[in-house]
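Each chain, letter by letter, is given below.
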Amino acid sequence: MSELRFPDRFVWGAATAAYQIEGAARDDGRGPSIWDTFSRTPGRVFAGHTGDVACDHYHRYADDVALMAELGLGAYRFSIAWPRVQPDGTGPVNPRGLDFYDRLTDALLARGIDPIVTLYHWDLPQALGDRGGWTARETAEHFAAYATAVHARLGDRIRTWTTLNEPWCSAYLGYGSGVHAPGESDAGAAFTAVHHLLLAHGLAARALRAAGAEVVGITLNPADVRPADPDSAADAAAVRLVDGLQNRIFLDPLTGAGYPDDVLEHVSRLVEPTFVRDGDEKTIAAPIDLLGINYYTPLYVAGRPDGAGDDAFPGTERAVEFLPPTGPLTEMGWMIEPAGLTRLLVRIATDYPGLPMLITENGAAFPDARGPDGGVDDTDRIAYLDGHLRAAHAAIARGVDLRGYLVWSLLDNFEWAEGYRKRFGIVHVDYLTQRRTPKSSARWYQEVISRNGL
Ligand code: FCB
């Protein structure tokens, strides 16, 4: 294949999230989160796995940062655990919790690695969960206060602040399908949560900006939604519905257009949207400098006006069938389609112009057999990453303002409901010894970074 070069100053990095890697669940005053509770609830997470120890990154961060430097990463996206900073989600900050992120930030900067913060990657303090979690409006206000407290401590050194990671998952998987914490199954609650998450983002974005944050953004998992049959009107309607419920419900209000009428109409069938108050849409539209995109796989849908579709997706009310993935799959059972990334980036750049984008997550789980020398020759992951980098490059060639690429993930880690059985890392983690071994993909990525291309 031909050589591809990325723009000068293209950012190369890796991403992780607090609950998935830190461990140290009770250290230094950390309070419980909804994921501690969920993972302890029998039947929720594969084999009863929890994030109690995870990759023990809380204690091993210095070695992990050294590894990032060895790989040549220019940026590292990590999330801050709200329950370390405010054990109950409100009230005075716990300085020892912030101390950890202080040490981590300094370690990164000392190695020339740009820290990219995610303020919320799903680990809501349990005390707020007990008061309704994201179905309660007050959670949005508490989030802005928490964001302000973190910025007060780290804002002198961290340039890039993102508020939420994938609010679609927090809302739909947490309150709609119940696959994620807190494990509720109520479509109305899911849409209430969407709104309060967006409100939390807007309030925090405004507060961060006022405090002097340089780059403020949010990470979404917008879907590349495709019709099963490009000539079918019913399938086109299904695309429109799913696009509304996964993409436009976030992107339109974030960019100042408010909630789309067709989406509000649909939501209203499930819950009276009285939670949207005057002025909220203005708050949500607080200007952002960066849109984080997490992309793994496309969605193929067919219209089922007879109601014979799936009910997995809150709001689609069996009017949509989600097609089973085809072709080579990752270990998550996800279809591998790099072209979906190009389509998605081009679509967002076209429909929401002027928003610089960063791929904040992309990667794949594979079985990862270890060789006799303990190494992992993960050629399938290299092929996945190579294909998606080419797809990202194609989007740039079509004029998309894409600033960088962060691989998910640096380390094998706690993959939410799947526990430790799904490995996404470019670095293998032996959970018995906590030994880190860069896989072939890590060495390949190191080479890509050093050449700024493929
Ligand atoms: C994303 C999450 C991330 C990780 C990947 C595989 O939805 O943001 O934490 O679990 O999926």
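Residues numbered from 1 in each chain as written. Predicted model: local features only at pLDDT ≥ 70, side-chain atom pairs only at ≥ 80, totals over all residues. Heavy atoms only, no water.

## Quick look at the overall build of the protein chain
For step 1, the next point in the chain: In terms of regular secondary structure, the protein chain is built from 15 helices and 13 strands.
For step 2, the next point in the chain: The C-alpha atoms of the protein chain give a radius of gyration of 21 Å, which matches the 22 Å a tight globule of 454 residues would have.
For step 3, the next point in the chain: Sorting the 454 residues of the protein chain into buried and exposed places 61% on the buried side.
For step 4, the next point in the chain: Considering only contacts within the protein chain whose residues lie at least 6 apart along the sequence, 76% involve residues at least 24 apart.
For step 5, the next point in the chain: With the model as given, the accessible surface of the protein chain reaches about 16500 Å², and the carbon-plus-sulfur share is 52%.
For step 6, the next point in the chain: In the protein chain, 42 side chains carry a positive charge and 60 a negative one; their mean positions are 4 Å apart. (Helix = DSSP H or I, 4+ residues; strand = E, 2+ residues; numbered from the N terminus. Rg over C-alpha atoms; globule rule 2.2 N^0.38 Å. Buried < 20%, exposed > 50% of the residue type's maximum accessible area, 1.4 Å probe, protein only. Contact = heavy atoms within 4.5 Å. Areas by Shrake-Rupley, 256 points an atom, 1.4 Å probe, with all protein chains shown as cover. Lys, Arg positive; Asp, Glu negative; His and termini not counted. Charge placed at Lys NZ, Arg CZ, Asp CG, Glu CD.)

## Comments concerning the packing of aromatic side chains
Both the distance between ring centres and the angle between the ring planes are used here to describe each pair of aromatic rings.
For step 1, the next point in the chain: For the structure shown, the criterion picks out 36 aromatic pairs.
For step 2, the next point in the chain: Between Trp-122 and Trp-416, the aromatic rings sit 4.6 Å apart at their centres with planes inclined by 45 degrees, giving tilted as the arrangement. Of this pair, Trp-122 sits in the loop between β3 (114-120) and α6 (126-130) while Trp-416 sits in the loop between β11 (402-408) and β12 (427-430), placing them 294 residues apart in sequence. Here the two residues Trp-122 and Trp-416 agree in accessibility, since each one is buried.
For step 3, the next point in the chain: Aromatic pair Phe-414 and Trp-416: ring centres 6.2 Å apart, planes at 75 degrees, arrangement edge-to-face.
For step 4, the next point in the chain: According to the relative accessible area criterion, Trp-416 is buried, its value standing at 4%. (Phe/Tyr/Trp six-rings, centres within 6.5 Å; stacked < 30°, edge-to-face > 60°.)

## Here we look at helix α11 (residues 261-268)
Three- or four-residue spacings in an α-helix give side chains the same orientation, since the helix completes a turn every 3.6 residues.
For step 1, the next point in the chain: For α11, the full list of buried residues reads Val-263, His-266 and Val-267. What you see down the axis of α11 is that its buried residues fit within an arc of 100 degrees, all on one side.
For step 2, the next point in the chain: Residues of α11 that are buried in the fold lie against α9 (187-210) and α10 (233-254). (Arc of directions from axis to C-beta.)

## Points about the sheet that holds strand β9 (residues 320-322)
For step 1, the next point in the chain: Across the sheet, which stays open at both edges, the three strands sit in the order β6-β8-β9 with mixed pairing between neighbours. On the outer flanks of this sheet lie β6 (225-227) and β9, each paired with one strand and no other. Going from strand to strand, the sheet's axes swing by 40 degrees on average, the running direction of each strand aside.
For step 2, the next point in the chain: Of the strand pairs in this sheet, β6 and strand β8 (residues 299-303) are connected by three bridges, and their pairing is parallel. Bridge pairing in β8 places Pro-227 opposite Val-301.
For step 3, the next point in the chain: Across the sheet, α10 lies against β6, β8 and β9, angled at about 130 degrees from β8, the strand it touches most. (Pairing = 2+ DSSP bridges. Axes fitted to C-alpha atoms, helices over the stretch in contact; angles between N-to-C directions.)

## A short note on helix α3 (residues 57-71)
For step 1, the next point in the chain: Given a rise of 1.5 Å per residue, 15 residues ought to cover 21 Å, yet the end C-alpha atoms of α3 are separated by just 17 Å, more than 12% below that figure.
For step 2, the next point in the chain: At Asp-63, α3 shows its strongest bend, of approximately 40 degrees.
For step 3, the next point in the chain: Every buried residue belonging to α3 is among His-57, Tyr-58, Tyr-61, Asp-64, Val-65, Leu-67, Met-68 and Leu-71, and all of these are buried.
For step 4, the next point in the chain: Directly beyond the C-terminal end of α3, a positive phi value near 85 degrees is found at Gly-72. (Expected span 1.5 Å × (residues − 1). Bend = angle between axes of the 7 residues up to and from the residue.)

## Here we look at the site of the ligand
For step 1, the next point in the chain: All residues in the neighbourhood of the ligand are listed as Gln-20, His-121, Trp-122, Asn-165, Glu-166, Asn-294, Tyr-296, Glu-361, Trp-408, Glu-415, Trp-416 and Phe-424.
For step 2, the next point in the chain: One nitrogen or oxygen atom from the side chain of Asn-165 is found 2.9 Å from an oxygen atom belonging to the ligand.
For step 3, the next point in the chain: One of the side-chain N or O atoms of Glu-415 is found 2.7 Å from an oxygen atom in the ligand.
For step 4, the next point in the chain: The protein chains hide 95% of the 300 Å² of surface that the ligand would expose on its own.
For step 5, the next point in the chain: Its residues assigned to classes, the shell around the ligand comprises five nonpolar, four polar and three charged. (Near = heavy atom within 4 Å. Polar contact = N/O pair within 3.5 Å; in protein donor to acceptor, adjacent residues only side chain to side chain. Nonpolar A, V, L, I, M, F, W, Y, C, P; charged D, E, K, R; others polar.)

## Observations regarding the side chain of Asn-247
For step 1, the next point in the chain: Along the chain, Asn-247 turns up in helix α10.
For step 2, the next point in the chain: Engagement of the side chain of Asn-247 in a polar contact is seen with the side chain of Asp-243, the distance being 2.7 Å.

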